[in-house]
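So the chains spell out like this:
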Amino acid sequence: MDNFQKRPDKAYIWVNIDFDKVKHRIDEVTCQIEQVIQKHQLSNQTRNSGKIKN
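This one's a predicted model, so the numbers in the text were calculated from it and none came from an experiment.

A. Representation of the overall build of the protein chain within the structure. When helices and strands are counted, the protein chain shows one helix and zero strands. Of all 54 residues assigned to the protein chain, the portion counted as buried reaches 0%. About 6,400 Å² of surface is accessible on the protein chain, with carbon and sulfur atoms providing 56% of the total.

In C-alpha cells, the structure reads:
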C-alpha cells in the first residue's frame, strides 16, 4: 500500500520584487565588471607593448 502523498510536478512561488533596487544593483555590478575588463585590457597592452610582432 502506498500511503505517501504524490509530490506535485511543479511548484509556483510568487515573489514581490522591487525592480528599482534590482536595476540599481545590476547597474553597480555592470560598472564593476566594466572596470575589471578595462584594467585587464590595459595590463595586456602594457605587457604586449615590448614584444616584437612579425
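B. Seen up close, a nonpolar patch on the surface. A contiguous nonpolar surface patch, about 630 Å² in accessible area, is contributed by Ile 13, Val 15, Ile 17, Phe 19, Val 22 and Ile 26. Among the secondary structure elements, Ile 17 is positioned in the segment before helix H1 (19-48).

C. Geometry of the pattern of salt bridges. The final tally for this structure, using the stated rule, is two salt bridges. A salt bridge links Asp 27 to Lys 23, with the shortest nitrogen-to-oxygen separation between them at 3.1 Å. Placement of the pair is Asp 27 and Lys 23 together in helix H1, with a separation of four residues, close to one helical turn. Between Arg 25 and Glu 28 there is a salt bridge, with its nearest N and O atoms 2.8 Å apart. Placement of both Arg 25 and Glu 28 in helix H1 is noted, with a separation of three residues, approximately one turn of the helix. Residue Arg 25 is classed as partly exposed on the basis of its relative accessible area, which comes to 47%.

Rules behind the numbers
Note on numbering: residues in each chain are counted from 1, in written sequence order. In keeping with the predicted nature of the model, local features appear solely for residues at pLDDT of at least 70, side-chain atom pairs appear and are counted solely at 80 or more, and the whole-chain, interface and lining totals rest on all residues. Just so you know, side-chain values use all the structure's heavy atoms and leave hydrogens and water out. Counting from the N terminus, the helices are the DSSP runs of H or I reaching at least four residues and the strands are the DSSP runs of E reaching at least two. Exposure classes here rest on a 1.4 Å probe applied to the protein chains alone. A residue is buried below 20% of its type maximum, exposed above 50%, and partly exposed in between. Accessible surface area values rest on a Shrake-Rupley calculation with a 1.4 Å probe, where residue burial reflects the displayed protein chains alone. Like charges within 9 Å and nonpolar side chains (Val, Leu, Ile, Met, Phe, Trp, Tyr) within 5 Å are joined into patches, using only residues over 30% in relative accessible area that form no salt bridge. Salt bridge, as used here, is a side-chain nitrogen of Lys or Arg placed within 4 Å of a carboxyl oxygen of Asp or Glu.

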